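Okay, here's what each chain looks like letter by letter:
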Amino acid sequence: MIIGIDLGTTNSLVAAWDGEHARLLPNALGNLLTPSVVGLDDDGQLIAGDIARERLHTHPHLTASLFKRYMGSARETLLGGRAYRAEELSAMLLRSLKADAERALGVPVLEAVISVPAYFSDAQRKATRIAGELAGLKVEKLINEPTAAALAYGLQQRDEATFLVFDLGGGTFDVSILELFEGVMEVRASAGDNFLGGEDFDDRLVEHFIASIGAADLPDTSQPGMAQRLRREAQRVRHALGQAPVARFVLREQAREWCLEVTQSDLANIAQPLMDRLRAPIERALRDARIKVADLDEILLVGGTTRMPLVRKLVATLFGRIPAMQLNPDEVVAQGAAIQAALKARHASLEEVVLTDVCPYTLGIETSVQLGNQYQSGHYLPIIERNTVVPVSRSRNVSTLSDNQKVVRLGIYQGESRLVANNIFLGELEIPVPPRKAGEITLDVRFTYDNNGLLEAQVHLPINGETRRLVIENNPGVLAPEEIARRLAALEALKVHPRDQQVNTLLLARLDRLYQESLGDGRDHIAALANHFQQMLDTQDEHRIREARGDINLRLAHFEMER
Amino acid sequence: MSHWQMLGLAPDADERSIKRAYARLLKVHRPDENPDEFQRLRQAYEATLAEAQWRAQVDDEGSYVSLDVSGSTADSPTVVQAPALAISLDDIDVPTSISPPQPSLDQMQQWLVEGRDRQVMDALRVWLASDWLLPFERRQQFELSVLDWLESAEGWSPAFFDGVCKVMGWDEAQATLPCEYWRWDRLIRRCEAQAFAESVRADLTRFETDKVYGQPAALLLKAMADGDRRELADGFDGGDWQRFAQLAQAIEYQYPEVPGQLGLQPVDNWRDWLPPTSYRGIYLFLWVALSVVLITSVFTGLIRKDGLSSAVIMPVLMIAVNWVGMKAYGIWALVAVTAARLDVLLSQWLVPRRWYRQGAGLLLLRHILPGAAPAFLAYIWSGGPAWLRWGSAVAVFLGVLYFTNQALSGGKVSIWARAWRAVKLRVGRLPWHTLQHPGLVVVIVVLVMAATVYWRMKGVA
């Protein structure tokens, strides 16, 4: 069984094809959305999802969130005194998702299709693949998130269509333009911004709150626990502003309370710089696909952040039409991944759809350009142009620059600028050449970009038939194989928090958080509830515990509403 | 197999049947299972589709032209027309009654032409901030018209263009360009040329004020008397020459239009002005010529000694003489440089134009007069009849002048030098690298030795 996983910045989902539909699989707590937060509990056992999220600000040093943003970089997060890379944190989450899927399906799950933002780079994709491996999953394919959404959408829609997927998630923004014809789903162009999403809106709101109240008056907001609280409150305010015209941004700390009223137009002003950044990728995708806005049959909104009325309104204005809203923006990517998984397994119940995707950025090498009788280095020679259909293999010929050159060093870059200094360095490849006059040695540089968005570079020397392949070594964002093995062993040694206790643990974590957040009477109330629940837990009577849980959950919901 | 054959189509198939054929074949050559086949299929698909689209466009244009002729329009509208929106925006509380912001587009274009950068930038900001431009279609048209203005207007500065790019969000590194790359590239080149012109102008103004900075630009571009130019060039150091050569090359290869724009005329023989790279020709000539003179005089019997040994010793001696002579010339050159103005004045009158080369070539005091020294040596060393003595002196003198001229002139390469370079290139292309194999070298050496021994023995036998 191959499952589809939407590994999001804020939330993750798992889905599987049940023969008729792509069905979303609930986690241990019965929820479809699992927050992308992992951590360690007080016994050093692994927790993921809602429980970890509740503990984010009560135990900031034992939990980690938003790690998708650091995929493909060497940045490490401290968790209980040990440093973890984003791959490992993702792997912890994937392990939990895998366990959930196994429980829901009743069969062991070993393979998965994982979705990634279309604009993810080579290093970020490799990191996602490694995360899958670390979680004990064979990653059958990495599917681009907008493409997955389009697949889920296109399956309902049989006839020909050209549509644009606007995918604004928790941390990334992607635009893809797709064309559906004769059972072919063709991505025409993709563009995006890897650092633009709902979390940025929250950050802005927090900044606004701090600026309005005055940083001097507030407790230290850079402290991890406090930062997490503000962030969570900002998210609540942002969601509340989706319905209500005004929401209150509240922070309580040690018998003090700070409060700020935020209106919808405030939010619009705060978010304006972010909204402006949405335009350029769309324009680029339209231009690259050579499609006029009027030729688009549909605009699909994908990603939780597109629930914001502000974003919907902007999209409607940009395109001069109302976007499609019949899809659940949170779930459609996971469903698409599951459909891709079923297609991969050649599921009989699925009508054959062939999907072609593109490489979203230009890939090339550094060269020198002759100006007069001197050479200027640092110029970019594109080999695979952006929005070329993949898999693709392209080659260009280059030659040596100086007499008796002994070695040719090829810098491999990703980006659109004509100078490599402005592009992203991916790695380099060295090949020794026989000494000859300048320009007499020709090298055949071949880039192969496969279906999963992974790049292989190869240099061939026709003069002696030698060939070199690139293993991108100088890239700090990619782990070496032996390092992966070591980290895999370390991760496997980590015990997972027992699944049957998760509901109770979640409630305890929630009580803990609310106790810290509230003041005075509220605090006493929470303390009483927590004590009561602990007593019930100590009785070990399953029936009484369940009853108490239901009761307390109801009270807490009421309590949070009233605040 | 042609692209059409690969798709199993006739070359006049339309877009629709191409897509259908592609879709059918795609299910056979799936991208994830058979990447190589898929790539071939994809190439065929793209090529045929492009051809079909091009054909359809040509047909379209044909009908369009005929239509246009029948219903001639009065004047082309310059104002951006609001395209019809697919759905009325009333449904989503956005006011549709918004009108284009002020100032008008015509006004902005007018300002751009007049070079009122400040106003244009402010107006652009107003426009871009307005809700009017939110829909993509309007915005794209607006960007294209701004681009048109930039292309047609003269005289805006690179800084202004940079500002416009920032405001409009055009960024090459992000690949957010408003148009095709070649159009963009043309604008960038224009900016680069202007920046270059600006730096040249700045150099020249600085030279005007203090005569110290900007000397390379002045030497290349300023109109001045030959004497002044020679004096300026004599004061140059390596850095100055490097800058001079860079400037000259940039003008020659990249920005040939820039001097014209600035109303300047670069010196047409800038390569002649560059200091000589090597005096090897003169050294070699003097050594050979004087050695020949001496050796012939030995054999013609002026100096009675053992002829053979002097034939060996004389050339060695000549190296020392040469060295001393060149040192002496160095001292003379110092003196001659101080009298550069006088030198140029005299040379202008007395030296043929093709040697003089506006002061960059042979000068009377600096180059021609010292040439008399070796000629004198040749005269006293050569034996035999008077015509031979005079002949050798004149030959040495002319030879020195010829090779000095060669060394001084840059750029125009003589036919001999070209021939020599060609020979060198051919020889260089021979498989010399095989000699790096020690085994091969040993084999060749052994073969040669065997051959030598064989012929020697043959002779003896």
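Residues numbered from 1 in each chain as written. Chains lettered and ligands numbered in written order. Predicted model: local features only at pLDDT ≥ 70, side-chain atom pairs only at ≥ 80, totals over all residues.

**Quick word on the domain arrangement of chain B**
All names here are of chain B.
And step 1. Assigned domains of chain B: these are domain 1 (3–67), domain 2 (99–153 + 161–169), domain 3 (193–273), domain 4 (280–422) and domain 5 (432–461).
And step 2. Computed from C-alpha atoms alone, the centre-to-centre distance between domain 3 and domain 4 is 33 Å.
And step 3. The set of elements that each furnish at least two residues to the side of domain 3 that touches domain 4 consists of helix H10 (226–234) and helix H13 (270–273).
And step 4. If one sorts the elements of the side of domain 3 that touches domain 4 by residue count, H10 sits on top with six residues.
And step 5. Per-class residue counts for the side of domain 3 that touches domain 4 are one nonpolar, two polar and seven charged. (Domains from an automatic or database assignment. Helix = DSSP H or I, 4+ residues; strand = E, 2+ residues; numbered from the N terminus. Nonpolar A, V, L, I, M, F, W, Y, C, P; charged D, E, K, R; others polar.)

**Observations concerning unusual backbone geometry**
And step 1. The omega torsion across A:Val390 and A:Pro391 is 0°, close enough to zero to call that bond cis.
And step 2. Summarising the element assignment, A:Pro391 is placed in the loop between strand E21 (388–390) and strand E22 (392–399).
And step 3. In this structure, the amide linkage connecting B:Gln102 to the following residue, B:Pro103, adopts the cis form with an omega of -5°.
And step 4. Secondary-structure assignment places B:Pro103 in the loop between helix H3 (35–70) and helix H4 (105–114).
And step 5. In this structure, A:Glu182 is a non-glycine residue whose phi angle is positive, near 50°.

**Section: the domain arrangement of chain A**
And step 1. Domain boundaries in chain A define domain 1 (2–196 + 273–358), domain 2 (198–271), domain 3 (361–476) and domain 4 (500–562).
And step 2. For domain 2 of chain A and domain 4 of chain A, the distance between their C-alpha centroids amounts to 26 Å.

**Focus: the nonpolar core**
And step 1. Among the nonpolar cores identified, the biggest contains 154 residues, and A:Ile3, A:Ala15, A:Leu300, A:Ala337 and A:Ala338 are the most heavily contacted of them.
And step 2. Element by element, the count of residues in this core is highest for helix H9 (residues 332–344) of chain A, at nine residues.
And step 3. Once residues within four sequence positions are removed from consideration, A:Ile3 is found in contact with A:Val14, A:Ala15, A:Ala16, A:Ala101, A:Val109, A:Ala112, A:Ala338 and A:Ala341.
And step 4. Ranked by size, the runner-up nonpolar core spans 19 residues in total, among them B:Val200, B:Phe207, B:Val267 and B:Ala360. (Core = buried A, V, L, I, M, F, W, Y, C linked by C-beta atoms within 7 Å. Buried ≥ 20, exposed ≤ 12 C-beta atoms within 10 Å, placed from the backbone. Contact = placed C-beta atoms within 7 Å.)

**Describing the sheet that holds strand E25 (residues 442–449) of chain A**
Residues and elements named next belong to chain A.
And step 1. What the four strands build is an open sheet, ordered E22-E25-E26-E27; its pairing is antiparallel. Each of the sheet's edge strands pairs with one partner strand only, and the pair in question is E22 and strand E27 (466–469). Pairs of neighbouring strands in the sheet enclose a mean axial angle of 20°, with direction left out of account.
And step 2. When E25 meets strand E26 (residues 455–461), the two strands line up antiparallel, connected through six bridges. Across the sheet, Phe-447 pairs through a bridge with Ala-457, a residue of E26. (Pairing = 2+ DSSP bridges. Axes fitted to C-alpha atoms, helices over the stretch in contact; angles between N-to-C directions.)

**Considering the packing of helix H12 (residues 520–539) of chain A against helix H13 (residues 542–562) of chain A**
Residues and elements named next belong to chain A.
And step 1. As a packed pair, H12 and H13 sit with axes 9 Å apart at the nearest point and diverge in direction by 165°. Overall, the two elements H12 and H13 adopt an arrangement that is roughly antiparallel. Where H12 crosses over H13, the two elements pack in a sense that is left-handed. Side by side, H12 and H13 meet where Leu-529, His-532, Phe-533, Met-536, Leu-537 and Thr-539 of the first sit next to Arg-544, Ile-545, Ala-548, Ile-552 and Arg-555 of the second. (Parallel < 35°, antiparallel > 145°, perpendicular 65-115°, else oblique. Left-handed = near helix turned anticlockwise from the far one by under 90°.)

**A short note on the environment of B:Leu342**
And step 1. Here B:Leu342 shows up in helix H16 (residues 340–350).
And step 2. As a C-alpha pair, B:Leu342 and B:Gly227 span 115 residues in sequence and 8.0 Å in three-dimensional space.

**Looking at the pairing of strand E14 (residues 184–193) of chain A**
Residues and elements named next belong to chain A.
And step 1. For E14, the tally of buried residues reaches nine of 10 residues, placing the bulk of the element in the interior.
And step 2. Taking the residues that link successive antiparallel strands as the turn, the strand E13 (residues 173–181)-E14 hairpin has two residues, and the phi of Glu-182 there is positive, at about 50°.
And step 3. In the sheet, E14 pairs with strand E18 (residues 354–359) via three bridges, with the strands oriented parallel. Considered in E18, the bridge of Val-184 is made with Val-354.

**Details of the interface of chain A and chain B**
And step 1. Of the residues lining the interface, 39 residues belong to chain A; the matching set on chain B comes to 35 residues.
And step 2. The leading source of residues in the side of chain A that touches chain B is helix H8 (residues 309–319) of chain A, at five residues.
And step 3. A breakdown of the residues in the side of chain A that touches chain B according to their chemical character gives 17 nonpolar, 11 polar and 11 charged.

**Some thoughts on helix H19 (residues 372–381) of chain B**
And step 1. Inspection of H19(B) places B:Pro374, B:Ala375, B:Leu377, B:Ala378 and B:Trp381 among the buried residues, and these make up the whole buried set. Taken end-on, H19(B) shows its buried residues confined to a sector of 155°, consistent with a single buried face. (Arc of directions from axis to C-beta.)

**Here we look at helix H7 (residues 264–289) of chain A**
Because an α-helix packs 3.6 residues into every turn, residues spaced three or four apart end up facing the same way.
All names here are of chain A.
And step 1. With 26 residues, H7 ought to run about 38 Å at 1.5 Å a step, and its terminal C-alpha atoms sit 35 Å apart, in line with that.
And step 2. By the burial criterion, the buried members of H7 are Leu-267, Ala-271, Leu-274, Pro-281, Ile-282, Glu-283, Arg-284, Ala-285, Leu-286 and Ala-289.
And step 3. A positive phi of about 50° marks Arg-290, the residue just after H7. (Expected span 1.5 Å × (residues − 1).)

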